[in-house]
Amino acid sequence: MKVGVVTFPGSLDDVDAQRAVRLAGAEPVALWHGDHDLRSVDAVVLPGGFSYGDYLRCGAIARFAPVMTEVVAAAHGGMPVLGICNGFQILCESHLLPGALIRNDHRKFVCRDQRLRIDNAATAWTSSYEAGDEIVVPLKNGEGGFVADEFTLDLLEGEGRVVARYLDDNPNGSLRDIAGITNERGNVVGLMPHPEHAVEDLCGPGTDGLGFFTSVLSALVK
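Per chain, the residues get numbers from 1 upward, laid out in the order the sequence is written. Reporting of local features is limited, given that this is a predicted model, to residues whose pLDDT is at least 70; pairs of side-chain atoms are given and counted only at 80 or more, and all residues count toward the totals for whole chains, interfaces and linings. Side-chain measures were taken over the full set of non-hydrogen atoms in the model, leaving aside hydrogen atoms and water.

Going by what an unreviewed UniProt entry lists, the protein is known as Phosphoribosylformylglycinamidine synthase subunit PurQ and is assigned to Mumia zhuanghuii.

The following block contains the structure:
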């Protein structure tokens, strides 16, 4: 199976995401922001970083990249898409996910290992976990506060579309401690923390993040 990883100008974690895909057992395929071509991949990862220098707003320019025309169409068709950190911001700007990510409430960049609880283990990207599992993955962002209006927040809660929540202290002011959400079909997931940095014991806090990448392989063979 092939999992595409998009590189935008300013992407930081695209190579790390490719490595995570490879360790999970799939073939990573490099996708370029300027191409109208997904190269016959089965799933797509939008990685972390600072696409287009975060000008205007994080993800605001990236949503107009040629490759995103194809990603949006594929997502509407059911293709699994994971947006990590900046990728989550791009998914929100592209209206594949509701809400927005704003500057951390303490106005400082945060970089640390973060405890999370998996609340929804039924998505294409979380089926390797059980609901209630607690994991530790790195978190690094300056504009990671998830916000939405009360109606949208209640809808996400009511439909079980909150994928993960922050445990212990909230690192960025995200409403209701939300660290990640999914769309109605469960094929599109946005996550602010970085599971691709927790896929090997040698580097990072452990392998708790690998499940995001093994999950999509299971989803693709169903």
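Having seen it, we continue.
Relative placement of two packed helices is described by the angle separating their axes and the distance separating the axes. Think of each axis as a best-fit line through the C-alpha atoms, taken over the contacting stretch in the case of a helix, with angles from 0 to 180 degrees between the N-to-C directions. Runs of E in the DSSP output that reach at least two residues are strands. Runs of H or I that reach at least four are helices, and both are numbered from the N terminus. The N-to-C vectors of helix 1 (residues 14-24) and helix 5 (residues 210-221) enclose an angle of 60 degrees; their axes lie 9 Å apart at closest approach. One element, helix 1, and the other, helix 5, form an angle in the oblique class. The handedness of the crossing between helix 1 and helix 5 comes out as right-handed. Across from Ala20, Val21, Leu23 and Ala24 in helix 1, the residues of helix 5 making contact are Leu210, Phe213, Thr214 and Leu217. Here the angle decides the label: under 35 degrees means roughly parallel, over 145 means roughly antiparallel, 65 to 115 means roughly perpendicular, and every other value means oblique. The hand of a helix crossing depends on one turn: near helix anticlockwise from the far one by less than a right angle means left-handed, and clockwise means right-handed. Pairs of residues are marked as contacts when any of their non-hydrogen atoms sit within 4.5 Å.

Turning our eyes to something else, we now look at helix 4 (residues 150-158). Categorising residues by exposure relies on relative accessible area from a 1.4 Å probe, with only protein chains included: less than 20% of the type maximum marks a residue as buried, more than 50% marks it as exposed, and the intermediate range marks it as partly exposed. Of all the residues in helix 4, the buried ones are Thr152, Leu153 and Leu156. The buried residues of helix 4 occupy an angular sector of 100 degrees when projected down its axis, which confines them to one face. In helix 4, the exposed positions that point more than 90 degrees away from the buried face belong to Glu150, Phe151 and Gly158. Tucked into the core, helix 4 has its buried residues touching strand 8 (145-147), strand 9 (162-166) and strand 10 (178-182). One side-chain oxygen of the residue at the start of helix 4 lies 3.2 Å from the amide nitrogen of Phe151, identifying that residue as Asp149. Looking one or two places after helix 4, you find Gly160, whose phi comes out positive at around 65 degrees. Picture the helix axis, draw a direction to every C-beta atom, and the arc is the one those directions span. Definition of a polar contact: a pair of N or O atoms within 3.5 Å, with one able to donate and the other able to accept a hydrogen when the atoms are protein atoms, and with sequence-neighbouring residues admitted only if both atoms are side-chain atoms.

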